[in-house]
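# Descriptive structure summary
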Amino acid sequence: MDWHLECSDCGLIASADGLPSVCTACGRPWLVRYPERVHSTIERAEVRRRHGMWRYRSFMPLGVNEEPISLGEGDTPLLRLPRLERQLGFSNLWVKDEATNPTGAFKARGLSAALTRAVAAGATRFTIPTAGNAGVASAAYAARAGAQVRVYAPRTTPRTILSQITAFGAELVLLDGHIGDCGKASRAYAAESGAMDLSTLREPYRIEGKKTLGLELALQFGWELPDAILYPTGGGTGLIGMWKAFLELREAGWVTSPMPRFYTVQSTGCAPMVRAFDSGADSAEPWADPWTIASGLRVPGPLGDKLMLRILRESGGGAVAVTDEVMAELAATGTRAEGVDWSPEGGAALAAAVMLRDRGEIAASDRVVVFNTGAGWLYRTPEDLLGPIV
Ligand SMILES: *Cc1c(COP(=O)(O)O)cnc(C)c1O
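Calculation rules
- Residues numbered from 1 in each chain as written.
- Predicted model: local features only at pLDDT ≥ 70, side-chain atom pairs only at ≥ 80, totals over all residues.
- Heavy atoms only, no water.
- Helix = DSSP H or I, 4+ residues; strand = E, 2+ residues; numbered from the N terminus.
- Rg over C-alpha atoms; globule rule 2.2 N^0.38 Å.
- Buried < 20%, exposed > 50% of the residue type's maximum accessible area, 1.4 Å probe, protein only.
- Contact = heavy atoms within 4.5 Å.
- Areas by Shrake-Rupley, 256 points an atom, 1.4 Å probe, with all protein chains shown as cover.
- Near = heavy atom within 4 Å.
- Polar contact = N/O pair within 3.5 Å; in protein donor to acceptor, adjacent residues only side chain to side chain.
- Phe/Tyr/Trp six-rings, centres within 6.5 Å; stacked < 30°, edge-to-face > 60°.
- Lys NZ or Arg CZ within 6 Å of the ring centre and 35° of its normal.
- Pairing = 2+ DSSP bridges.
- Axes fitted to C-alpha atoms, helices over the stretch in contact; angles between N-to-C directions.
- Parallel < 35°, antiparallel > 145°, perpendicular 65-115°, else oblique.
- Left-handed = near helix turned anticlockwise from the far one by under 90°.
- Expected span 1.5 Å × (residues − 1).

Of the regular secondary structure elements, the chain holds 13 helices and 13 strands. Whereas a compact globule of 390 residues would reach a radius of gyration of roughly 21 Å, the chain reaches 19 Å, a difference of no more than 12%. Along the first, second and third principal axes, the C-alpha atoms of the chain reach 55 × 50 × 40 Å. Residue burial in the chain is summarised as follows: out of 390 residues, 59% are buried. Sequence separation of 24 or more characterises 70% of the internal contacts of the chain that already satisfy a separation of 6 or more. Here the chain displays about 14,900 Å² of accessible surface, and carbon together with sulfur accounts for 51% of that area.

Even without being glycine, Leu201 reaches a positive phi, approximately 65°. By secondary structure assignment, the location of Leu201 is in the loop between β9 (196-197) and α7 (205-220). The class of Leu201 is buried, set by a relative accessible area of 1%. A positive phi angle, close to 50°, is found at Asp289, a residue other than glycine. Its place among the elements puts Asp289 in the loop between α9 (272-279) and α10 (305-314). Asp289 gets classed as exposed once you look at its relative accessible area, which sits at 73%.

Right, let's talk about the site of the ligand for a bit. Lining the immediate surroundings of the ligand are 18 residues, of which Lys107, Tyr231, Gly234, Gly236 and Thr373 lie closest. Gly236 is positioned with one of its backbone polar atoms (N or O) 2.6 Å from an oxygen atom of the ligand. Gly238 has a polar backbone atom sitting 3.1 Å from an oxygen atom of the ligand. Its free accessible area being 380 Å², the ligand has 96% of it covered by the protein chains. Counting only elements with at least two residues in the shell around the ligand, the list comes to β10 (228-232) and α8 (237-252).

Tallied over the full model, the rule gives 9 aromatic pairs. Here the aromatic rings of Trp3 and Tyr34 are separated by 6.0 Å at their centres, their planes lie at 55°, and the arrangement is tilted. Residue Trp3 is found in the segment before β1 (4-7), and its partner Tyr34 is found in the loop between β3 (30-33) and α1 (41-47); the two are separated by 31 residues along the sequence. Each member of the pair, Trp3 as well as Tyr34, is classed as buried. Geometry around Tyr189 places Arg150 over its ring, the cationic atom sitting 3.8 Å from the centre. Taking NZ or CZ as reference, Arg357 lies 4.8 Å from the ring centre of Phe90, over its face.

Only one face of β1 is buried: it carries Leu5 and Cys7, and the other face, with His4 and Glu6, is open. By the bridge criterion, 3 bridges tie β1 to strand β2 (residues 13-15) in an arrangement that is antiparallel. Of the residues in β2, the one forming a bridge with Leu5 is Ala14. Hairpin connection, β1 to β2: the antiparallel pair is bridged by 5 residues, and Gly11 has positive phi, about 80°. Across 4 bridges, β1 lies against β3 in antiparallel orientation. The partner of Glu6 across the bridge, within β3, is Leu31.

Looking at where Ala363 falls in the secondary structure, it is placed in the loop between α12 (344-358) and β13 (368-372). For Ala363, a relative accessible area of 34% gives the class partly exposed. Separated by 90 residues in the primary sequence, Ala363 and Met273 have C-alpha atoms spaced 23 Å apart.

This part is about the packing of α9 against α10. Contact pair α9 / α10: the axes reach a minimum separation of 11 Å and the direction vectors enclose 55°. By the criterion of interaxial angle, the relationship of α9 to α10 is oblique. Here α9 and α10 pass one another in a crossing that is right-handed. Residues Met273, Ala276 and Phe277 of α9 form the contact with α10, whose own contacting residues are Asp305, Met308, Leu309, Leu312 and Arg313.

Attention now goes to the sheet that holds β3. With antiparallel pairing, the 3 strands of this open sheet are ordered in space as β2-β1-β3. At either margin of the open sheet sits one strand with a lone partner, and together these are β2 and β3. Each neighbouring strand pair of the sheet contributes to a mean axis angle of 35°, computed without reference to strand direction.

Relative to the 22 Å expected for 16 residues at 1.5 Å per residue, α8 spans 22 Å between its end C-alpha atoms, a close match to the ideal helical length. Of the residues making up α8, those classed as buried are Thr237, Gly238, Leu239, Ile240, Gly241, Met242, Trp243, Lys244, Ala245, Phe246, Glu248 and Leu249. Buried residues along α8 sit against β3, α7, β10, β11 (261-267), α10 and β13. Immediately beyond the C-terminal end of α8, within one or two residues, lies Gly253, with a positive phi of roughly 80°.

This paragraph deals with the sheet that holds β13. The mixed open sheet is built from 6 strands, whose spatial order is β4-β5-β13-β10-β11-β12. The two strands at the open ends of the sheet, each matched to only one other strand, are β4 (78-80) and β12 (318-322). In this sheet, neighbouring strand axes are inclined to one another by 25° on average, regardless of whether the strands run parallel or antiparallel. Two elements, β11 and β12, share 5 bridges in a ladder whose sense is parallel. Looking across to β12, one finds that Tyr263 is bridged to Gly318. Packed on one face of the sheet, α10 meets β11 and β12 and runs near 130° to β11.

Purely geometric numbers; function is a separate question.
Printed below as a string of structure tokens:
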């Protein structure tokens, strides 16, 4: 491997051999560093001719003769939203529609990368706590790798998501409580069984998969970066991944635009990052009794809190909380107006765009990218939509 690990908080350097988890000195997440990689302008041109998230090979944790565990993740559409621009008062509004990934959410990117490295290091059994979509993606990618995964999910997870987890053959364990409770159970199971724990930021490669969100955005905008990014945030891998992508692209000379402003979007029912940002803290206190219909945002105590707060502040961005009512309304509006299947999380990001514009933090003319991180259908059942069939 021509890369190593660096702690995102204390800066400790370590080898990436074996199955790394978190920093062995301070317990914070590792970041992957590739000091020996060359990123030529010839490669930048070649990237256009390749496909999927692994097209950015020189930025990815893959050896020369290795093949990734892939289901065709990435290459999701970046769509201008002309009707929503008129309805909501913007002139350069875009959605990065992650609903078109395998398994219907951007979790596919992270788990493709994590499973690729873990299987290369010899792992065959996995465990993961999830608020929903990571469970579906881990089930699908474990199946693709011929491996076993146990998924711990809250009993209140949308039923369609739970049914997808079992459809891909994972062993599903339902618990009362939230993803933090599932994390404890998953770590206990990992310790007793030897299964590898794939939790957000407890292994370094899900960030590398999510990094392709940023690499792709840059490619799709012709190697320019937008002004503002609105990211529905749970554990924060996507936010951290995109920030890492833009730093690496700028360092490689592939991009010269300034860093976009990053905005974290959460639910008023679970907003630990927003509370920490607003109070000027440099870490987030866990949120008591988290609840939101946007299950991907129901993460009361994210491990990447310090790094995220640094990114929000250094980029000149911020953090906003949206009520479940408003996110559901905006998701429905977006779905009808543009034919994009907005999840509640994506609806939250759309609602946040309006709030931030009203507050004057985003200009109507800014190039704004809203992330629709998953598909709306994952949160619906036919009964919800049609009512009782008579
Ligand atoms: C997991 C998830 C999120 C939160 O993503 P993080 O990178 O963990 O912050 C947002 N939306 C959806 C649909 C998700 O599944």
